[in-house]
Amino acid sequence: MTEETDRTHGSAELPDHHAVLHGTDWASVATASGTGEHLPTALVRLVDPDPLVRQAALADALRPVSHQNSIYPATTPIALYVAAILGHPALAPDAPRSDRRKATGRPTLLLMLDWLGDTAYDADDQCLALCELDNSEELIGGCEDMHAFRDVRPALFHAVRAFLDHDDVDVRHTALTAALPLAEHPALTAHRGELAGHARRLLATEADRLRRDRVLDALRSWGCDTGGLENAADVEARRRYAARAAARAATAGDWPGGGYSQSPPF
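Let me sum up the structure you'll find in this document. (Residues numbered from 1 in each chain as written. Predicted model: local features only at pLDDT ≥ 70, side-chain atom pairs only at ≥ 80, totals over all residues. Heavy atoms only, no water.)

### Overview of the overall build of the protein
Right, on to step 1. When helices and strands are tallied, the protein shows 14 helices and two strands.
Right, on to step 2. The proportion of buried residues among the 266 residues of the protein is 42%.
Right, on to step 3. Counted over contacts in the protein with a minimum sequence separation of 6, partners at least 24 positions apart contribute 68%.
Right, on to step 4. Surface summary for the protein: the accessible area is close to 13,200 Å², and the carbon and sulfur share equals 53%. (Helix = DSSP H or I, 4+ residues; strand = E, 2+ residues; numbered from the N terminus. Buried < 20%, exposed > 50% of the residue type's maximum accessible area, 1.4 Å probe, protein only. Contact = heavy atoms within 4.5 Å. Areas by Shrake-Rupley, 256 points an atom, 1.4 Å probe, with all protein chains shown as cover.)

See the structure below:
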């Protein structure tokens, strides 16, 4: 099987998190701030019973590969590890209330789903096309790292998909927002009908602007008619985005955009 065929079909098999942790040469994979030799300690703490320990571990594990919307050599093994522990009991959103009172901010599970989705947006087709437009040695390496992440999207998707019917609405909606960019992989097109059904249910109740934008954008890219799914705020947001894009094009040249989770400049 050729490398291109491998990338088209992808692998839906998610390795055990212990295998990722102990089978990766972390000292040899780069992050935004050096090598990943410190990452195993942080990754192990992601399933600590104490939510405050998990919060600190999230920053230690994910921040080094979340700089400027870039994909690093360490991104793919971290993503595989994170996906493999999504179902860990310590991350259940119905954790003991005492733990919830100790924690601040969103539960670890939701933050990890967010990170997987944001990373998938930062490695989508448009971002890859932008990367490959530049022939600099630094960006060529970044494109290779992006390809590595894109190759494991089927495995990441199936881990995220398990939460699409979760009892907690925030978990369901966060999982859907993460699943959409992962489903851009050609091997996952058969799941888009299922995702469209979840998307319609989200749009019926969800008020969050980012979630609505990402869901509507995905449906449009799949050829779905979103006219009956938009509310007045969606229409107004679309008008504002179009006006800003026109203004940027008129003053500084049209930025091709891509699916970055932040708009350039970062």
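Still to come is the rest of the account.
### Overview of the nonpolar core
Right, on to step 1. Core analysis: the biggest nonpolar cluster contains 67 residues, and Leu-43, Leu-46, Ile-78, Val-82, Leu-86, Val-160 and Leu-195 have the highest contact counts within it.
Right, on to step 2. Top contributing element to this core by residue count: helix 7 (residues 108-121), with eight residues.
Right, on to step 3. Sequence-distant contacts of Leu-195, that is, excluding residues within four places in its chain, are made with Phe-157, Leu-164, Leu-176, Ala-179, Leu-180, Ala-183 and Trp-222. (Core = buried A, V, L, I, M, F, W, Y, C linked by side-chain atoms within 4.5 Å.)

### Quick notes on the state of the cysteines
Right, on to step 1. Counting across every chain of the model gives one disulfide.
Right, on to step 2. The residue that forms a disulfide with Cys-131 is Cys-143, at a sulfur-sulfur distance of 2.0 Å. Taking the sign of the S-S torsion, -120° for the link of Cys-131 and Cys-143, the bridge is left-handed. Of this pair, Cys-131 sits in helix 8 (residues 125-133) while Cys-143 sits in helix 9 (residues 137-151), placing them 12 residues apart in sequence. Residues Cys-131 and Cys-143 agree in their burial class; the two are buried.
Right, on to step 3. For the unlinked cysteine Cys-127, the closest cysteine sulfur is that of Cys-131, found at 9.2 Å. (Disulfide = S-S within 2.5 Å.)

### Observations regarding the side chain of Arg-54
Right, on to step 1. Take Arg-54: it is sitting in helix 4 (residues 51-62).
Right, on to step 2. Of note is the side chain of Arg-54, whose polar atom sits 3.3 Å from the backbone oxygen of Pro-49. (Polar contact = N/O pair within 3.5 Å; in protein donor to acceptor, adjacent residues only side chain to side chain.)

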